[in-house]
Amino acid sequence: MSGRFGGMLMNVPFLDLKMQTAACADEIRAAMDQVVSDCNFVLGRQVDDFERAFASYCECEHSIGVATGLDALKLIFRAMDIGPGDEVITTSHTFIATALAISAVGATPVLVEVDSDTYTLDPVAFEAAVTKRTKAVVPVHLYGQTADMKPILDFARKHGLKVIEDACQAHGARYNGRRAGSLGDAAAFSFYPGKNLGAFGDGGAVTTNDAALAERIRTLRNYGSAEKYYHDELGENSRLDTLQAAVLGVKLKHLDEGNAARRVAAAQYTERLAGVGDIKPPAVREGSEHVFHLYVIQTARRAELQKYLSAQGVDCLIHYPVPVHLQKAYVSNGWGHGDFPKTEQLADRILSLPIFPGIKEEQIEYVCGVIRSFYVKG
Ligand SMILES: *Cc1c(COP(=O)(O)O)cnc(C)c1O
């Protein structure tokens, strides 16, 4: 053995879905077999079962399975009658789906900055962005940590604004003891395979404590129909597949265990990266239970470090390299460089390190060893 960290090259994937799936493959196969026997492929009983289980998991009253996380957001807006002429506030530092959902219903996305330590919506920036047209705010629980909901909710309640959680990266996270998905008027979840709770394809859900809103979304996702062939409004086809619900029902039982493993891995990273070069590990807000969908550090030498890690077998990604306001899809909105300096600085500095349930301490030690050697080398 020679070299800075034993001289052995170790491959550390960004995410290991195979291992995660193998851990409960037999249980999942049995659940899928049941769907094959039942042949109730659309809105079968597994969808009801999963909706009940997911609502209970999120500690809220209702859950409605839909086709994607994007649709979950869109259907919430539609059910709240948010559309053309309305403004919806969210962050520029998010996955583009948050903004696309606002645009898709004809409303106007109004972007604001995030807090650079927690990567979540800055409550002060939110208050400053409210106008007479503002109807709602969408705090994004980015990377697995809930936004600072108390000041957001307090201000929104005072001004009659709806609060919609984008919980697509935060299944199981808590804010002052309460689960993501139960904090605002409604919440959107994604079950894209790589999310903390992932299906075998696309899937999504809405959670809410508002029975009337839940009923309207249930109708909207199913062609605007509560009774077959009677259509009360111009609905869509956005149902969670029975097969995906069956898979998710099994995986939900393992979610807390997976989130706990992610938290352990994150703590191992944070301990080992303290004081290393200019690395800034992710901050966990007091009262927040982070589920580390992603473990995102900041460094001024991001490009060099990512290249160095890659050469040593460590896969890292950037979430996200281009903020919403600088995406080509939004050029016509007139945003430009310099509009959101904190967000733009983050986009240049963030790096997501490998994290997933089952990542080994040796792998984390190896990644941190490579990072230490990068800074020693200068
Ligand atoms: C994944 C994600 C979405 C969209 O979910 P899909 O299921 O891919 O449509 C929305 N917002 C955030 C923050 C996400 O990470």
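Preceding this section is the structure that the text describes.
About the thresholds
- Every residue gets a number counted from 1 within its own chain, in the order that chain's sequence is written.
- Only residues with pLDDT of at least 70 are given local features in this predicted model, and only at 80 or more are side-chain atom pairs given and counted; all residues enter the totals for whole chains, interfaces and linings.
- Only heavy atoms go into the side-chain values, all of them from the structure, while hydrogens and water stay out.
- Note on definitions. A residue lies near a molecule or strand when any single heavy atom of the residue is within 4 Å of it.
- The term polar contact refers here to a pair of N or O atoms within 3.5 Å; inside protein, the definition further demands a hydrogen-donor-capable atom paired with an acceptor-capable atom, and it admits residues adjacent in sequence only when both atoms are side-chain atoms.
- Accessible areas in this description were obtained via Shrake-Rupley with a 1.4 Å probe; residue shielding takes into account the shown protein chains only.
- We define a salt bridge as a side-chain nitrogen of Lys or Arg found within 4 Å of a carboxyl oxygen belonging to Asp or Glu.
- Numbering of helices and strands runs from the N terminus; a helix is a DSSP stretch of H or I covering at least four residues, while a strand is a stretch of E covering at least two.
- Burial classes: relative accessible area under 20% of the type maximum marks a residue as buried, over 50% as exposed, and values in between as partly exposed (1.4 Å probe, protein chains only).
- Throughout, disulfides are identified as pairs of cysteine sulfur atoms within 2.5 Å of each other.
- Pairing between two strands requires that DSSP report at least two bridges joining them.
- Think of it this way: a Phe, Tyr or Trp ring, Trp meaning its six-membered ring, pairs with another when their centres are within 6.5 Å, and the plane angle makes it stacked under 30 degrees, edge-to-face over 60, tilted otherwise.
- Lysine NZ or arginine CZ positioned within 6 Å of the ring centre and within 35 degrees of the ring normal marks a charge as sitting over the ring.
- Both cavities and pockets are sets of points on a 1 Å grid over the protein atoms alone; in a cavity a 1.4 Å probe fits but cannot get out, in a pocket the set is open with protein on both sides within 12 Å along at least five of seven lines, and lining residues sit with an atom within 4 Å of a point.
- Grid points are joined across faces, edges and corners, and a volume is the space filled by probe spheres set on the points.
- Throughout, the ten residues Ala, Val, Leu, Ile, Met, Phe, Trp, Tyr, Cys and Pro are labelled nonpolar, Asp, Glu, Lys and Arg are labelled charged, and all others, Gly among them, are labelled polar.
- Here, two residues are considered to be in contact whenever any of their heavy atoms come within 4.5 Å of each other.
- By definition, the crossover connecting two strands over a helix is right-handed if that path, from the first strand to the second, turns clockwise as seen with the strands pointing away from the viewer.
- Residues belong to a common nonpolar core when they are buried Ala, Val, Leu, Ile, Met, Phe, Trp, Tyr or Cys residues joined through side-chain atoms within 4.5 Å.

A. Here's a closer look at the site of the ligand. What surrounds the ligand is a group of 14 residues, the closest being Gly69, Asp166, Gln169, Ser190 and Lys195. Gln169 places a polar side-chain atom, nitrogen or oxygen, 2.8 Å from an oxygen atom of the ligand. Within the contact set of the ligand, an oxygen atom lies 3.0 Å away from a side-chain nitrogen or oxygen of Lys195. Notes on the ligand: free accessible area 380 Å², of which the protein chains cover 92%.

B. Region of the structure containing the pattern of salt bridges. Per the stated rule, a full pass over the model turns up 24 salt bridges. With a closest N to O distance of 3.4 Å, Glu27 and Lys253 form a salt bridge. Here the residue Glu27 occupies a position in helix 2 (residues 25–38), and Lys253 occupies one in the loop between helix 9 (242–252) and helix 10 (255–273), the gap between them amounting to 226 residues. Where Arg52 meets Asp49, a salt bridge forms, and the shortest distance between an N and an O atom there is 3.5 Å. On the criterion of helical spacing, the pair formed by Arg52 and Asp49 is a turn pair, its members being 3 residues apart in helix 3 (residues 45–57). For Arg52, a relative accessible area of 58% gives the class exposed. Three or more residues are tied together by salt bridges with common partners; here these are Asp38, Arg45, Asp49 and Arg52.

C. Region of interest: the state of the cysteines. Applying the stated criterion across every chain, the model contains 0 disulfides. The structure places no disulfide on Cys368, whose sulfur is separated from the nearest cysteine sulfur, that of Cys316, by 11 Å.

D. Structural context of the pairing of strand 2 (residues 87–91). The buried fraction of strand 2 amounts to 5 of the 5 residues, a majority that puts the element mostly inside the structure. The side-chain alternation of strand 2 yields two buried faces, one formed by Glu87, Ile89 and Thr91 and the other by Val88 and Thr90. Of the pairings in the sheet, the one linking strand 2 to strand 3 (residues 108–112) comprises 5 bridges and is parallel in character. Opposite Thr90, over in strand 3, you have Leu111 as the bridge partner.

E. Representation of the packing of aromatic side chains. The full count for this structure, using the stated rule, is 13 aromatic pairs. Between Tyr119 and Tyr143, the aromatic rings sit 4.9 Å apart at their centres with planes inclined by 70 degrees, giving edge-to-face as the arrangement. Of this pair, Tyr119 sits in the loop between strand 3 and helix 6 (123–129) while Tyr143 sits in the loop between strand 4 (134–138) and helix 7 (149–158); the two residues are 24 residues apart in sequence, bridging distant segments of the chain. Given a relative accessible area of 2%, Tyr143 falls into the buried group. With a centroid separation of 5.4 Å and 55 degrees between ring planes, the pair formed by Tyr308 and Phe374 is classed as tilted. Here Tyr308 is found in helix 11 (residues 302–311), whereas its partner Phe374 is found in helix 13 (residues 361–377), with 66 residues between them in sequence. When sorted by exposure, Tyr308 lands in the same class as Phe374, which is buried. Through a chain of ring-to-ring contacts, three or more aromatic side chains come together here, namely Phe50, Phe54, Tyr57, Phe189 and Phe191. Arg179 extends its terminal NZ or CZ atom over the ring of Tyr57, reaching a point 4.0 Å from the ring centre.

F. View of the layout of surface pockets. By volume, the largest pocket is sized at about 520 Å³. The wall of the largest pocket is formed by 28 residues, among which Phe95, Tyr192, Lys195, His293 and Tyr320 lie closest to the centre. At the level of elements, helix 4 (69–79) and helix 5 (97–104) are the ones that each hand at least two residues to the lining of the largest pocket. Examining the composition of the lining of the largest pocket, we find that 3 residues originate from one element, helix 4, more than from any other. By residue class, the composition of the lining of the largest pocket is 14 nonpolar, 10 polar and 4 charged.

G. Local environment of helix 8 (residues 211–220). Three or more residues of helix 8 are buried, namely Leu213, Ala214, Ile217, Thr219 and Leu220. In the core, the buried residues of helix 8 are packed alongside strand 1 (62–66), helix 4, strand 8 (186–190), strand 9 (204–208) and strand 10 (225–227). Regarding helix 8, its N-cap is Asp210, as a side-chain oxygen of that residue lies 3.0 Å from the backbone nitrogen of Ala212 further along.

H. Main features of the pairing of strand 3. For strand 3, a buried count of 4 out of 5 residues is recorded, marking the element as mostly surrounded by other parts of the structure. Between the parallel pair strand 2 and strand 3, the chain is carried across by helix 5, and the sense of this crossover is right-handed.

I. Region of interest: the sheet that holds strand 6 (residues 174–175). Across the sheet, 3 strands lie side by side as 7-6-12; this open sheet has antiparallel pairing. Strand pairing shows two members of the sheet lacking a second neighbour, strand 7 (178–179) and strand 12 (288–289), which therefore form its edges. Note: strand 6 against strand 7, 2 bridges, orientation antiparallel. Of the residues in strand 7, the one forming a bridge with Arg174 is Arg179.

J. The arrangement of helix 5 in detail. Taken residue by residue, helix 5 has Ala97, Thr98, Ala99, Ala101 and Ile102 as its buried positions. At its buried positions, helix 5 is contacted by helix 4, strand 2, strand 3, strand 4 and strand 5 (162–166).

K. Just the nonpolar core, in detail. In this structure, Tyr269, Leu273, Tyr295, Leu305, Leu309, Leu353 and Ile371 are the most contacted members of the largest nonpolar core, which totals 28 residues. For this core, the secondary structure elements donating two or more residues are helix 10, strand 13 (295–298), helix 11, strand 14 (350–353) and helix 13. Discounting residues that sit within four places of it in the chain, Tyr269 has contacts with Tyr295, Leu353, Pro354, Ile359, Ile364, Val367 and Cys368. Membership of the second largest hydrophobic core comes to 25 residues, among which are Leu73, Ala79, Met80 and Val206.

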